[in-house]
Amino acid sequence: MEKLLIEGGKRLFGNVVISGAKNAAVAILPAAILSDEGICKIDNLPQIEDIYCLEKMLAEIGASIKKEGKDCIIIDPSGIKSHIATGEEVRKMRASYYLIGALLSKYGKAEVVFPGGCPIGVRPIDQHIKGFEALGAKVLIEHGIIKVYAEEGLKGSSIYLDVVSVGATINIMLAACKAKGTTIIENAAKEPHVVDVANFLNAMGANIKGAGTDVIKVTGVEHLKGCEYSVVPDQIEAGTYMIAAAATKGDVTLINVIPKHLESITAKLIEMGVDIEEGEDTIRVSCKDKTHGVNVKTLPYPGFPTDLQQPLSVLLSISEGRSIITENIWEARFKHVDELKRMGANIKVEGKIALIEGVEKLSGADVVATDLRAGAAMVIAGLVAEGYTTISSIRHIDRGYENIEDKLRGLGAEIKRIKTDEREFECD
Ligand SMILES: CC(=O)N[C@H]1[C@@H](OP(=O)(O)OP(=O)(O)OC[C@H]2O[C@@H](n3ccc(=O)[nH]c3=O)[C@H](O)[C@@H]2O)O[C@H](CO)[C@@H](O)[C@@H]1O
Ligand SMILES: C=C(OP(=O)(O)O)C(=O)O
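All values reported here derive from a predicted model rather than from experimental measurement. (Residues numbered from 1 in each chain as written. Chains lettered and ligands numbered in written order. Predicted model: local features only at pLDDT ≥ 70, side-chain atom pairs only at ≥ 80, totals over all residues.)

**As for the site of ligand 2**
Inclusion rule: As used in this record, a residue near a molecule or strand is one whose C-beta atom, placed from the backbone, is within 6 Å of it. Helix and strand assignments follow DSSP, with helices taken as H or I runs no shorter than four residues and strands as E runs no shorter than two, numbered in order from the N terminus. Classes in brief: Ala, Val, Leu, Ile, Met, Phe, Trp, Tyr, Cys and Pro nonpolar; Asp, Glu, Lys and Arg charged; the others, Gly included, polar.
Inspection of the region around ligand 2 gives Lys22, Asn23, Met93, Arg94, Ala95, Gly117, Cys118, Ile120, Asp307, Leu372, Arg373 and Gly400 as its neighbouring residues. For the shell around ligand 2, the elements supplying multiple residues, two or more each, are α1 (22-31) and α11 (372-384). Of the residues assigned to the shell around ligand 2, the class counts are five nonpolar, three polar and four charged.

**Description of the sheet that holds strand β17 (residues 282-286)**
Basically, it comes down to this: Two strands qualify as a pair provided that DSSP identifies no fewer than 2 bridges between them. To obtain each axis, a line is fitted to C-alpha atoms, and for helices this fit is confined to the stretch in contact; angles are then taken between N-to-C directions over 0 to 180 degrees.
Sheet architecture is open: four strands sit in the order β2-β15-β17-β16, paired in mixed fashion. Each having just a single partner strand, β2 (13-17) and β16 (275-278) make up the two edges of the open sheet. Between one strand axis and the next, the sheet turns through 15° on average, direction left out of account.

**Remarks on the nonpolar core**
Condition: Put simply, a nonpolar core is a cluster of buried Ala, Val, Leu, Ile, Met, Phe, Trp, Tyr and Cys residues tied together by C-beta atoms within 7 Å. Around each residue's C-beta, the other C-beta atoms within 10 Å are counted; 20 or more make the residue buried, 12 or fewer make it exposed, and counts in between make it partly exposed. All C-beta atoms are placed from the backbone. Marked domain ranges trace back to an automatic or database domain assignment. Once C-beta atoms are placed from the backbone, any two residues with those atoms within 7 Å are in contact.
In terms of nonpolar packing, the biggest core is built from 147 residues, with Ile28, Met173, Val197, Met242 and Ile380 touching the most fellow members. No other element matches α11, which puts ten residues into this core. Of the domains in this structure, domain 1 (2-19 + 233-419) and domain 2 (22-230) are the two that each give at least three residues to this core. Not counting the four nearest positions on each side in its chain, isoleucine 380 is found in contact with Ile243, Ala244, Ala247, Pro311 and Val314.

**Remarks on the UniProt feature "binding site: phosphoenolpyruvate" (unreviewed entry) in the protein**
The cut-off we apply is this: UniProt positions are given in the numbering used here, feature names are shortened, and annotations may be inferred rather than shown by experiment.
When the UniProt feature table is mapped onto this chain numbering, "binding site: phosphoenolpyruvate" (unreviewed entry) sits at Lys22 and Asn23. Assignment of secondary structure puts lysine 22 in helix α1. We classify lysine 22 as buried; it has 28 C-beta atoms within 10 Å. Those residues in contact with lysine 22 that lie beyond four places of it in its chain are Pro46, Ile48, Asp50, Asp234 and Gly400. Mapped onto the elements, asparagine 23 comes out in helix α1. C-beta crowding within 10 Å serves as the criterion here: with 26 such atoms nearby, asparagine 23 is assigned to the buried category.

**Comments concerning the packing of helix α7 (residues 235-247) against helix α9 (residues 309-317)**
We count it as follows: In this scheme, roughly parallel covers angles under 35 degrees and roughly antiparallel covers those over 145, while 65 to 115 is roughly perpendicular and the rest are oblique.
Two elements in contact, α7 and α9, have axes separated by 9 Å at closest approach and are oriented at 10°. The angle between the axes of α7 and α9 places the two elements in the roughly parallel class. For the pair formed by α7 and α9, the contact residues are Thr240, Ile243, Ala246 and Ala247 on the first element and Pro311, Leu312, Val314 and Leu315 on the second. Per-class residue counts for the contact of α7 with α9 are seven nonpolar, one polar and no charged.

**Some details on the pairing of strand β20 (residues 346-350)**
Bridge analysis of β20 against strand β21 (residues 353-357) gives five bridges, and the strand direction is antiparallel. Looking at β21, one finds that glutamate 350 is bridged to isoleucine 353. Linking β20 back to β21 in an antiparallel pair, the connection comprises two residues, with glycine 351 at a positive phi of about 60°.

**A word on the pairing of strand β8 (residues 138-142)**
Of all five residues in β8, zero are buried; the element is thus mostly exposed. Counted along the chain from β8 to the antiparallel partner strand β9 (residues 145-149), the turn is two residues long, and its residue histidine 143 has a positive phi close to 50°.

**Here's the deal with α9**
The buried count for α9 comes to nine of nine residues, which makes it a mostly enclosed element. Within the span of α9, buried status applies to Gln309, Gln310, Pro311, Leu312, Ser313, Val314, Leu315, Leu316 and Ser317.

Structure below.
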C-alpha cells in the first residue's frame, strides 16, 4: 500500500501551477466520442487517476487515444462500435455516468454500469433519468446496469431540474445536442465545468446557449466534428492550494487560474484575515497572522463549493474562535472529522452542521483519506501539524490531484510517498 508521509510545520512559499479541471475533463472526454468526423485534441488535461480510468473506458469501447506531450490527448472516436460500457473501470468513478448521455446521443441507446465515485452520501441519478425520459428515451435498470433506449430518436424538450445537479445538467446537454429540436434545461447548474463542457461541445459544432446561467438552451444539430480544446483550470485544486497556503502561514502564487471562478473561496479567506492579490490568471495568497473562525454554507456555484468544505475545515480548526460549517449538498461529507480529531481538532458534527472550536495546534497522526477531498484535508492537516502524519487510502487523492506531493515539495513542504507492506483496507 502507498501512503503519504508528511513532516509538518513548514510554511509554503513560491509558485504552483494549477492543472486542468477534473470535473470538466471527465465530461469532455466522453463528449469527444460525439464527433462524426475528425479527431478531438484536448489540452491542459489533469494527470489524475479519473482521467486514466476514462481513457481506458473509451479505449474499451473502441476509441483510439493517443497521448501528445504531458497533458494533451488526441481522441479518434471513429472506431467506436459499441453502445455498452460495463467494464471494471466504469464502476470506479462517478463521472462514468457521462457515457450514458454521450452514447445515447451517438447511438440512440446506451448501457452503462452504475457509476462509483466518492462515498459522500447517497448519490441518486433520478434527475439524469428524468432528463433522458423527457427527451423520449426509455430507461431500465437491470443487474446494476442503466439501459437507455430512444428507439424513435431523441426529441428536444423542456426539463426543470428538481435539484441543481452538475451531473444531470451536463448529461442532458450531451444527450440533447444531437436531438431533434430544442431542449431547455431550467434550474441548471452554473459551475465553471458546466460552462467548459458547453464550450467544448460548441467547438464541436453544437448549439448550446446560456451555460453559466440557470437556463440552458440546446438546439439539436445533425453533425458534430472534431476540435482542439484546452480544459479550464481546476477551481477546486486551486482552492485547495489557497487553503494550504493560508493554513501554513505561507505566501504562494497560483499560476493558471481564473480568479472569477474562485470568488467564493477568496471572499471567505479574506473574511478570515488572509491576504489575496488577484492577477489576470494568477492569485497570490499570503497569511502572517492567526486566522479567525467564520461560518460557511456549501451551495451550488457561485456559492461556496462543497468540494472545498473539507479542506477549509482544517483551516477553521486552527483559526481563532468558533466556526460553523453547514454542508447543504452531501449528507455524508464529514467523514474526515474523526480523522481530524485524532490530530487534536475540536469539532462536533450534528447532521449537516459541523461546529468547530479553534485549537492552538494540530499534532501529527496516522490518518485515512476517507474520500478525495477528505484526503486533501488530511494533507493540509499534515502540513500544519506538529511532527509526522501518515495518510493511507491515498488512491482517493490520486483520483483528483495531479502530483500533489511534487507540487507541495516545490513549495517547500516535507512530503513523500512511501510504500508499505500493509494491504489496503477497502472501505468503499
Ligand atoms: C464529477 C463531478 O463533477 N463531481 C462533482 C459533481 O457531482 P455530481 O454531479 O454527482 O453532483 P450533483 O451536482 O449532481 O449533486 C448535487 C445534489 O443533487 C442531488 N442529486 C443529483 C443528481 C440527481 O439525479 N438527483 C439528486 O438528487 C445530489 O444528491 C446532491 O445532493 O457536483 C458535486 C456538487 O458540486 C461535486 O461535489 C462533485 O465533485
Ligand atoms: C466528489 C468529488 O468527485 P466525484 O464526484 O468524482 O466523486 C469531488 O471532486 O470532490
